[in-house]
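Listed here are the chains, written in short residue letters.
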Amino acid sequence: MEQTATYQNPLPVRNIGDPFVLKASDGKYYCYPTSAGNRGFKAWSSHDLIHWREEGFVYEKTENSWGFKQFWAPEVVEFKGKFYMYYTARWKEKDSLRIGVAVADRPTGPFVDLFDRPMFDFGYAAIDANVLIDDDGRKYLYFSRDCSENIVDGRHESHICGVELNDDMISVKGDAVTLLKPDQQWELRSGPEWLWNEGPFAFRRNGVYYLMYSANFYAKKHYAVGYAVADHPLGPFRKAEHNPILQSPGDHISGPGHNSVTVSPDGSEWFIVYHTHVDPAAGGGNRQMCIDRMSFRDDGSIVVHGPTVTPQPAPSSGRNPSG
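Below or above, wherever it landed, is the structure these notes cover. Nothing here was measured: the structure is a model prediction, and the numbers come from that model.

## Some remarks on the overall build of the protein chain
Here's step 1: Looking only at helices and strands, one finds zero helices and 25 strands in the protein chain.
Here's step 2: Taken over C-alpha atoms, the radius of gyration comes to 18 Å for the protein chain, in line with the 20 Å a tight globule of 323 residues would show.
Here's step 3: Once the C-alpha set of the protein chain is aligned to its principal axes, its extents read approximately 50 × 45 × 45 Å.
Here's step 4: Burial statistics for the protein chain: of 323 residues in total, 58% are counted as buried.
Here's step 5: Counting every atom, the protein chain has about 13,500 Å² of accessible surface; 46% of that belongs to carbon and sulfur.
Here's step 6: Once the 33 positive and 41 negative side-chain charges of the protein chain are each reduced to a mean point, those two points are 2 Å apart.

## Structural notes on the nonpolar core
Here's step 1: Ranked by internal contacts, the top residues of the largest apolar core, which has 38 residues, are Y32, M85, Y87, F111, M212, M294 and I302.
Here's step 2: No other element matches strand 7 (residues 82-91), which puts five residues into this core.
Here's step 3: Core analysis: the second largest hydrophobic core is formed by 21 residues, V103, Y124, I170 and V172 among them.

## Focus: the packing of aromatic side chains
Here's step 1: Applying the stated criterion to the full structure yields 25 aromatic pairs.
Here's step 2: Aromatic side chains Y59 and Y87 sit 4.9 Å apart centroid to centroid with 40° between the ring planes, which places their arrangement in the tilted category. With Y59 in strand 5 (residues 53-60) and Y87 in strand 7, this residue pair connects regions lying 28 residues apart in the sequence. This pair shows no difference in class: Y59 is buried, exactly as Y87 is.
Here's step 3: Ring-pair connections join several aromatic residues into one group, and the members of that group are F20, F201, F203, Y210, Y227, W270 and F296.

## Points about the sheet that holds strand 10 (residues 126-133)
Here's step 1: Ordered in space as 10-11-14-15, the four strands form an open sheet in which the pairing is antiparallel. Looking at strand neighbours, the two that pair on one side only are strand 10 and strand 15 (172-180), the edges of this open sheet. Each strand of the sheet is rotated relative to its neighbour by a mean of 25°, with strand direction disregarded.
Here's step 2: Of the strand pairs in this sheet, strand 11 (residues 139-145) and strand 14 (residues 159-165) are connected by seven bridges, and their pairing is antiparallel. The residue bridging L141 from the neighbouring strand is V163, located in strand 14.

## Some words on the pairing of strand 3 (residues 29-34)
Here's step 1: Burial within strand 3 is extensive, with six of its six residues counted as buried.
Here's step 2: Bridge analysis of strand 2 (residues 14-23) against strand 3 gives five bridges, and the strand direction is antiparallel. The residue of strand 3 that forms the bridge with V21 is C31.
Here's step 3: Between strand 2 and the antiparallel strand that follows it, strand 3, lie five residues; G27 among them carries a positive phi value of about 90°.
Here's step 4: Inspection of the sheet shows strand 3 paired to strand 4 (residues 40-46) by three bridges, in the antiparallel sense. Directly across from C31, in strand 4, lies its bridge partner W44.
Here's step 5: The hairpin turn running from strand 3 into strand 4, its antiparallel successor, is five residues long, and G37 in that turn takes a positive phi close to 60°.

## Structural notes on the layout of surface pockets
Here's step 1: For the largest pocket, the calculated volume is near 540 Å³.
Here's step 2: Looking at the largest pocket, it is lined by 22 residues, and the ones nearest its centre are V131, F201, A202, F203 and V261.
Here's step 3: Contributing elements (two or more residues each) for the lining of the largest pocket: strand 2, strand 6 (67-79), strand 10, strand 17 (197-205) and strand 21 (257-263).
Here's step 4: Here the lining of the largest pocket is composed, by residue class, of 14 nonpolar, two polar and six charged.
Here's step 5: Taken as a whole, the second largest pocket encloses approximately 430 Å³ of empty space.

## Notes on the state of the cysteines
Here's step 1: One pass over the structure, following the stated rule, counts zero disulfides.
Here's step 2: The thiol of C31 is not disulfide-bonded; the next cysteine sulfur, from C290, is found 11 Å away.
Here's step 3: Taking relative accessible area as the criterion, C31 reaches 0% and is therefore assigned buried.
Here's step 4: Counting only cysteine sulfurs, C147 is the nearest neighbor of C161, a cysteine outside any disulfide, at a range of 13 Å.

## Quick look at the sheet that holds strand 13 (residues 155-157)
Here's step 1: Strand order in the open sheet formed by three strands is 12-13-16, and the pairing between neighbours is mixed. Edge positions in the sheet fall to strand 12 (151-152) and strand 16 (194-195), since each of these pairs with one other strand and no more.
Here's step 2: Pairing analysis gives two bridges linking strand 12 to strand 13, with the strands arranged antiparallel. Of the residues in strand 13, the one forming a bridge with I151 is H156.

## Here's the deal with the pairing of strand 7
Here's step 1: Counting buried positions along strand 7 yields nine of ten residues, so the element is predominantly enclosed.
Here's step 2: Summarising the sheet, strand 6 and strand 7 pair through eight bridges and their orientation is antiparallel. Among the inter-strand pairings, E78 is bridged to a residue of strand 7, identified as F83.
Here's step 3: Looking at chain direction, strand 7 and strand 8 (residues 96-104) are connected through nine bridges and run antiparallel. Paired with T88 across the bridge in strand 8 is I99.

About the thresholds
Counting restarts for each chain: residues are numbered from 1 in the order of the written sequence. Restriction of local features to residues with pLDDT of at least 70 applies here, the model being predicted, together with a cutoff of 80 or more for giving and counting side-chain atom pairs; totals for whole chains, interfaces and linings are based on all residues. Side-chain measures were taken over the full set of non-hydrogen atoms in the model, leaving aside hydrogen atoms and water. Counting from the N terminus, the helices are DSSP H or I runs at least four residues long and the strands are E runs at least two residues long. As defined in this context, the radius of gyration uses C-alpha atoms, and a globule is described by 2.2 Å times the residue total to the power 0.38. Throughout this description, buried means an accessible area under 20% of the type-specific maximum (1.4 Å probe, protein chains only), exposed means over 50%, and partly exposed covers the range between. Note on areas: Shrake-Rupley with a 1.4 Å probe; residue coverage comes only from the protein chains shown. Charge convention: Lys and Arg are scored as positive, Asp and Glu as negative, and His as well as the terminal groups of each chain are ignored. In this description, the location of a charge corresponds to atom NZ of lysine, CZ of arginine, CG of aspartate or CD of glutamate. To form a nonpolar core, buried Ala, Val, Leu, Ile, Met, Phe, Trp, Tyr and Cys residues must be joined to one another through side-chain atoms within 4.5 Å. When two rings of Phe, Tyr or Trp (its six-membered ring) have centres within 6.5 Å they constitute a pair, described as stacked for plane angles under 30 degrees, edge-to-face for angles over 60, and tilted for the intermediate range. Two strands are said to pair when DSSP picks up at least two bridges between them. Simply put, an axis is a line fit to the C-alpha atoms, just over the touching stretch for a helix, and the angle between two N-to-C directions goes from 0 to 180 degrees. Grid spacing is 1 Å over the protein atoms alone, the probe is 1.4 Å, and a cavity is where that probe fits but cannot get out, while a pocket is an open set with protein on both sides within 12 Å along at least five of seven lines and lining residues have an atom within 4 Å of a point. Grid points are joined across faces, edges and corners, and a volume is the space filled by probe spheres set on the points. Note that Gly is not counted as nonpolar here; it falls among the polar residues with everything else outside the nonpolar set of Ala, Val, Leu, Ile, Met, Phe, Trp, Tyr, Cys and Pro and the charged set of Asp, Glu, Lys and Arg. Sulfur atoms of two cysteines make up a disulfide when they are within 2.5 Å.

Now the structure itself:
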């Protein structure tokens with residue numbers, strides 16, 4: 001396939017939010033975003049992180065689905081020949097947001113629910129699931145305790161929590177622990193009555209656990225990305241002093257956030273995947289996918305080379321790795 005010399009944000013995945021990108025064992029990328037309102041989820045596929053093809057619906061609710069609306073933030077993990085989708089929806093039984101799990105034999109689905117109920121119920125609203133499979137094979141699920149029901153000192157707050165998964169990938173061990181709360185100054189821009197730490201994304205590098213997250217109201221300009229680090233997958237996590245690492249640089253870009261991370265086709269470069277508002281002035285839920293390079297300083301701290309709107313070198317594919 002002829003290689004593209006450059007790419008330019010936003011990418012042609014529009015009217016979406018919360019883009020999660022999986023680099024699957026078949027060598028292709030699959031993007032699973034919030035994409036279809038109350039019906040389910042669509043997916044997109046790509047060979048190069050730049051050109052994307054819509055694959056249509058990969059998960060659709062049915063009459064027997066436990067969730068009935070607000071299908072948000074799907075993420076997919078490939079494990080032992082199966083593809084596990086962790087997603088948010090509103091539970092019919094309790095009229096409250098929860099996390100579900102569905103499985104498929106292919107990255108394009110169809111994903112089928114494993115239960116007629118949420119994956120777990122800790123008695124509070126939970127959204128934005130993310131899974132880390134550690135080097136020792138242990139598995140961890142991160143999520144946001146949603147501010148719709150979590151009230152602290154009169155404020156609605158979203159907190160990021162974590163819990164160990166069993167080896168079956170579909171059940172949890174014990175109770176969740178709170179890992180992050182909105183407490184840095186940049187995270188208070190949407191306050192004082194509503195505060196957010198949400199959209200977790202965890203990975204391990206050089207023995208350090210990184211937990212990326214978004215703060216502030218998703219529909220406004222100040223939505224942005226920060227991160228924390230720990231020596232153990234369930235913390236304690238220490239937020240980076242130089243947060244946020246991805247934010248709006250001016251009025252031409254609004255709300256860069258809810259990120260995932262992937263690597264270039266040849267594996268030599270890191271990329272952060274995130275959304276921005278289609279109309280920076282209006283904000284809201286109409287969003288689009290962007291990618292930018294992500295690197296690490298000698299001390300392990302993260303640098304995001306963006307958000308960009310000008311032509312950038314294409315992700316390296318083994319020809320002449322860039323940047």
